[in-house]
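Each chain is listed here by its residues.
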Amino acid sequence: MKNLFTKNVRSINGTNFLWLVSLVSVLLIIIIPLIVLFKFSISDNSSLFPPVPLWPHNPDFSQYKELLGSKDFIMAAFYSLEIALLTVLLSLITGAPVAYVLSRLKIPGISIIIFFILAIRFFPGICSVIPVVEFFSNPIFNLLPVLIKVVLAHTLLSLPYVIFMCQGVFDAIPVELEEQALILKARRFYTFIHVVIPIARTGIAAAAIYVFLLSWNEFIFSYFLMFQSTTVTLPVYLFKKIVWTPQLNYLAAISVCLSVPVILFTFIIQKQIIMGATEGSSK
Amino acid sequence: MPEVKLENLVKVYKEIDKDTGKIRHNAVIDNLDMDINDGEFITLVGESGCGKSTVLRLIAGLDEPTSGNIYIDGKLSNSLSPKDRDIGMVFQSYALFPHMTVEANIGFGLKIKRVPDKEKKEKISRILSGLRLENEAVKMPSMISGGQRQRVAVGRAMATEPDILLMDEPLSNLDARLRSDMRTEFKHLHKDQQNTIIYVTHDQVEAMTLGDRMAIMNKGIIEQFGTSDEIYFHPANIFVAGFIGEPRMNFISGEIINEKGVVYFSSANLKLGLSDLPEKKLAQLNDFNKKKVIMGVRPQDIYLYDHRKVSLFRQNRFKMKIDVILPLGPRKIIVSRLDSPDEVDMNFHVELDNDIICREDELVEFGMDLNYVHFFDFEDKKAIV
Amino acid sequence: MNIYKTDLIKKLGTNLFLIRLFFVKHIFALCLILPGVSYILFFTILICFSLINLSLSDQVNNIGQFTCLANYSAIIMSPEFRESLIRTIAFVSIGIPLQLFAGLVCALIVNREFSGRGIVRSLFLIPIAIPSLVTAIIVSKMLFQFPGGHINDLLMGNYFLPAIISEPVNWYNSQFFSLGLALCAKIWRDMPISMLILLAGLQSVPKDHLEAAKTMGAGSIRTFFYIIVPHPNFIVAISAVLVLRSIEIWKAFLFPYVIAPTYQVLGVLIEYLYHEARDPGQTSALAVILMALILIAKVLIGFITGRVERYLIKV
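Because the structure is a prediction, the values reported are computed rather than measured.

Our focus in this paragraph is the overall build of chain C. A tally of helices and strands in chain C yields 15 helices and zero strands. When the backbone C-alpha atoms are referred to their principal axes, chain C occupies close to 95 × 70 × 40 Å. Within the span of chain C, comprising 315 residues, buried residues form 48% of the whole. The contacts in chain C between residues at least 6 apart in sequence include a share of 68% that link residues at least 24 apart. Per element, the accessible surface of chain C, about 16,100 Å² overall, is 69% carbon and sulfur.

As structure tokens, then:
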């Protein structure tokens, strides 16, 4: 107790003051844009013209109502949802087994595989998008629905993340569990399904959310692949809206709808986000 | 017919050297032979990294030997999958499936064996009551105590009634009290079931108390394989002698000298007449005349000379200054310093009853019973029998 | 010679045998790994191959004809390329220190123990949760709109501050302002990632080093500069931020595209060449050039940080 007290007395000095000031200013820098966004989304039309008031004259939720009534928006939202879910499914089905093998099998040369998995992330999206789009517009693959093309592209983007996150999850499961199952005469596949997967469930779920967010936010590939398409994902829908009708409160409302699920999920899987962000930093 | 027979077993791991980046071959097990009889309780003991767990993993089939043969029940089983061997295993970490209840854990092997439901239930409840786990049946492994988890792991290994039960340091995660309880329990279990048990531990007390026979391993080879009495009283070499016994056996290096027909052991610290030894041993030591040997004597076999009532030969006595005294309740350990620099261990331990009076820094006279003194060849460190 | 030959054949034979054994033994593993790895490998190779292929051929008139380096020379000669290259280099060289600074400030704030630290860290993560496009919209359409926009209004004294300017600023007529805004938006959104990497670096500096410094009477600022900054773990974190984030800024597309479309950086120029000029050949050539630039920058930064590291270890 005494210790705490002396600490507090000593704490009023230059560095602590600096620290407090920077904490508050960084928090403001982070929060103000969000408040502004929200403010615009509940503004009535009269509050959009300069001088723009700090708080709308007659705040209402009419923009959201209009959005939910708009067929285009609902279509785009569902399209985004569909693509994100399919991406999650596809990338987990292909990525989780790879992660499992990388985590369990210490064979020489496996680092080469890891290198190639990493390499794809160093291509700038804007560069790698062109070959992918050209590939999908060749006569055979052009017949695929746009939805599938986008899902395939998003899977490509998210696979490295799935593999690295799931590898972390599988690394945390002791090998002894599988060896024990093997000794109890279980087959490898049975062990994978009944022992490994149930234990890895939460970690894999987090990876799934991460992929969902990645696909939900993805713009460049969706934009290039859906350049001429009428049904688009939410980010592309939003982008097209900027180009055509910058009705700010409507734009803000779409933005909020796009961001809210992301913010919620981000808080749920904070730990994994941190893992994903710092992943590769030691390489 | 031996139940498990290991023949010239070698296991080499490839490692990448951190300094040079080259692949290095590390022989964890180096030409190991072992015969284990049906129904025997065998303990494997050694320091960490000596390859004892690897032996277990090879018998279990979790690893494949680099060369050599493993026979289980007379059948060559080098590359047989674990699921085709009739074994059970208890891991050091218990390896309980965290997502299954205690009941489901124990029943896992039965479920895979497709044992009918009714029979399975009966068996599980029999095991649960045998291990005093009835109240824990539907709990998750994370909700029960360490000792209970340990029992669940044993129960799960026993549920399929394997012929061979492998245990990899099963008690090392428990506290001292529980450990001694479980030791007794393992002994009971083996008496009831009469299956072959191979038990790996780093704790010499566990190894000695549990095993019908024990094997002492060092750097991939078996230094000695025998009953605990054989190993304690007739250690085959310096390693075994130093490994078993607490405090460690004292080693003093010196020479055998034959002065006018009387054989002496002479070192910088003491000179010991050996004419008291049995004829046969004396003759053998005589061969080492003028050669370097190492004498080993357990701290328990040394006494303060004044307190021994039986009269002894003069030559068995030697003087030493007491450095420190470590009291241990009923006993106490006296530590003296040997002054010659080429000793294995500079500290010389003597264990005495606590009621014997002596003080630190006092010069006292010790005596020892030559029947319990061991001699080792200085060159190959083997015992001179 | 002959002995050598038979030896070689024997060796090859055992190797082949081992390879076969390996496949038989790990067939389960191979089945698991095959779909995912081949998918990635296929696209990696496809991207490399087709970028080079497209960039070496005419894609406008005689489609598919091999033109050697014509696309490259056309790109390098064009004034657009030179302008946007200069812009991109400026973008990167201002962006990297800013990025590092922002991440470091946040990491130092959160590195301290205080009540509510968990919440503050979660709040600091918010920017990556906002889709880039939304961030770009907030910056360009709400805060820095012309006319109107909160910042213009603020500067004109419409809120609580006195007026500094009398006419609203058109941010988008100025190369400096529009690219600066794009950069700020980019840094705002990527800040948490730099923060997390640096935070990990800060926390990997052993506590007893810091406590030892404290017992010797060093204040927090001196501890930071003398103990934390030269610590190898922290330098690793810094070089990670420099390398990873600089790649990100080179790659920047969305923010400049939305906020400063008139002042193209290389990423935006790629989009323009593809969608407006409709020349996949030149686009690919530019993409290859961009990737080469990134690679050079990466090697350069790696070289410099390696030098600094070695220097600091010597000291």
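Helix and strand counts for chain A stand at 13 helices and zero strands. When the helices and strands of chain A are placed in sequence order, the string is α-α-α-α-α-α-α-α-α-α-α-α-α. Going through the 283 residues of chain A one by one, you find that 57% of them count as buried. Considering only residue pairs separated by 6 or more positions, chain A has 71% of its internal contacts joining residues 24 or more positions apart. In the form shown here, chain A has an accessible surface area of approximately 13,100 Å², with 72% of it arising from carbon and sulfur atoms.

Turning our eyes to something else, we now look at the sheet that holds strand β2 (residues 23–36) of chain B. Residue and element names in this part refer to chain B. One open sheet accounts for four strands, arranged β2-β1-β4-β5; its pairing is antiparallel. Looking along the sheet, the strands with just one partner apiece sit at the ends: β2 and β5 (75–76). Pairing analysis gives two bridges linking strand β4 (residues 67–72) to β5, with the strands arranged antiparallel. Bridge pairing in β5 places I72 opposite K75. Here helix α1 (residues 52–60) sits on the sheet in contact with β1 (4–16), β2 and β4, set at roughly 115 degrees to β1.

What follows concerns the pairing of strand β8 (residues 196–201) of chain B. Remark: a regular strand shows side chains that alternate across the two faces of the sheet. Residue and element names in this part refer to chain B. For β8, the buried fraction is high: six of the six residues fall into the buried class. The pairing of strand β3 (residues 41–45) with β8 spans five bridges and is parallel. Bridge assignment links T43 to a residue of β8, and that residue is Y199. Examined bridge by bridge, strand β7 (residues 164–168) and β8 share five bridges and lie parallel to one another. Paired with L165 across the two strands is I197, which belongs to β8. As a crossover connection, the stretch from β7 through helix α5 (residues 176–193) into β8 is right-handed.

All names here are of chain C. Summed over the entire model, instances satisfying the criterion amount to 18 salt bridges over all chains. Of the charged contacts, one joins E248 and K186 as a salt bridge, the two residues approaching to 3.7 Å between their closest N and O atoms. Taken together, the positions of E248 in helix α12 (residues 232–251) and K186 in helix α9 (residues 175–203) put the pair 62 residues apart, joining distant regions of the chain. Its relative accessible area of 22% is what places E248 among the partly exposed residues. If you follow the salt bridges from partner to partner, you end up with K186, D190, R245, E248 and K251 in one network.

Moving on, we come to the domain arrangement of chain C. Under the domain assignment, chain C is made up of domain 1 (1–55) and domain 2 (70–314). Centre-to-centre separation of domain 1 of chain C and domain 2 of chain C, based on C-alpha positions: 41 Å.

With that settled, consider the sheet that holds strand β18 (residues 347–353) of chain B. Residues and elements named next belong to chain B. Sheet architecture is open: five strands sit in the order β15-β19-β16-β17-β18, paired in antiparallel fashion. Of all strands in the sheet, those with a lone pairing partner are β15 (302–304) and β18, marking the two edges. On average, adjacent strands in this sheet sit at an angle of 50 degrees to one another, irrespective of strand direction. Pairing of strand β16 (residues 317–328) with strand β19 (residues 363–368), which is carried by five bridges, proceeds in the antiparallel orientation.

Residues and elements named next belong to chain B. Helix length check: helix α4 (residues 146–159), at 14 residues, gives a terminal C-alpha distance of 20 Å against a target of 20 Å (1.5 Å per residue), a fit within 8%. With 12 of 14 residues buried, α4 is to be regarded as a mostly interior element. Taken residue by residue, α4 has G147, Q148, Q150, R151, V152, A153, V154, G155, R156, A157, M158 and A159 as its buried positions.

Counting residues at the interface gives 81 residues for chain C, matched by 83 residues for chain A. It is C:Y39, C:I40 and C:M142 that lose the most area in chain C upon contact with chain A, and together they represent 8% of the buried surface on that side. Summed over the shared surface of chain C and chain A, the result is five residue pairs in polar contact (both at pLDDT 80 or more). In terms of residue count, helix α2 (residues 27–55) of chain C provides more of the side of chain C that touches chain A than any other element does, 19 residues in total. Of the residues in the side of chain C that touches chain A, the class split is 60 nonpolar, 15 polar and six charged.

This paragraph deals with the confidence of the model for chain A. Any segment with low pLDDT has predicted coordinates that should not be analysed in fine detail. All names here are of chain A. Here chain A averages 81 in pLDDT, while 87% of its residues score no lower than 70. Of all secondary-structure elements in chain A, the lowest mean pLDDT belongs to helix α1 (residues 2–10), at 43, while helix α4 (residues 71–104) reaches the highest, 90. A low-confidence stretch, residues 1–10 stays under pLDDT 50, and its non-local contacts, those more than four residues away or across chains, total zero contacts.

The next point concerns the packing of aromatic side chains. Tallied over the entire structure, the rule returns 32 aromatic pairs over all chains. Consider the rings of A:Y100 and A:F170, whose centres lie 5.4 Å apart with planes at 80 degrees: the pair is edge-to-face. Taken together, the residues A:Y100 in helix α4 and A:F170 in helix α7 (residues 146–171) connect sequence positions 70 residues apart. Here the aromatic residues A:F219, A:Y223, A:F224, A:F227, A:F239, C:F253, C:Y257 and C:Y274 are joined through ring pairs into a cluster of three or more. In this structure, A:K39 is placed above the aromatic ring of A:F40, and the distance from its NZ or CZ to the ring centre is 4.2 Å.

Using the criterion set out here, one finds two cavities of 30 Å³ or more in the structure. Computed from the structure, the largest cavity encloses a volume of approximately 1,300 Å³. Considering the residues around the largest cavity, the lining is formed by 47 residues, among which A:Y161, A:L214, C:R189, C:E248 and C:K251 are closest to the centre. Tallied by class, the residues present in the lining of the largest cavity amount to 32 nonpolar, six polar and nine charged. Taken as a whole, the second largest cavity spans an internal volume of roughly 40 Å³. In terms of lining residues, the second largest cavity is bounded by B:E169, B:P170, B:L171, B:S172, B:R179, B:T201, B:H202, B:D203 and B:E206. Of the residues contributing to the lining of the second largest cavity, the split by class is two nonpolar, three polar and four charged.

Criteria and cut-off values
- Residues numbered from 1 in each chain as written.
- Chains lettered and ligands numbered in written order.
- Predicted model: local features only at pLDDT ≥ 70, side-chain atom pairs only at ≥ 80, totals over all residues.
- Heavy atoms only, no water.
- Helix = DSSP H or I, 4+ residues; strand = E, 2+ residues; numbered from the N terminus.
- Buried < 20%, exposed > 50% of the residue type's maximum accessible area, 1.4 Å probe, protein only.
- Contact = heavy atoms within 4.5 Å.
- Areas by Shrake-Rupley, 256 points an atom, 1.4 Å probe, with all protein chains shown as cover.
- Pairing = 2+ DSSP bridges.
- Axes fitted to C-alpha atoms, helices over the stretch in contact; angles between N-to-C directions.
- Right-handed = clockwise from strand over helix to strand, strands pointing away.
- Salt bridge = Lys/Arg side-chain N within 4 Å of Asp/Glu carboxyl O.
- Domains from an automatic or database assignment.
- Expected span 1.5 Å × (residues − 1).
- Buried area = accessible area lost by both parts, 1.4 Å probe.
- Polar contact = N/O pair within 3.5 Å; in protein donor to acceptor, adjacent residues only side chain to side chain.
- Nonpolar A, V, L, I, M, F, W, Y, C, P; charged D, E, K, R; others polar.
- pLDDT = per-residue confidence, 0-100.
- Phe/Tyr/Trp six-rings, centres within 6.5 Å; stacked < 30°, edge-to-face > 60°.
- Lys NZ or Arg CZ within 6 Å of the ring centre and 35° of its normal.
- 1 Å grid on protein atoms, 1.4 Å probe; cavity = no way out; pocket = protein on both sides within 12 Å on 5 of 7 lines; lining within 4 Å.
- Points joined across faces, edges and corners; volume = space filled by probe spheres on them.

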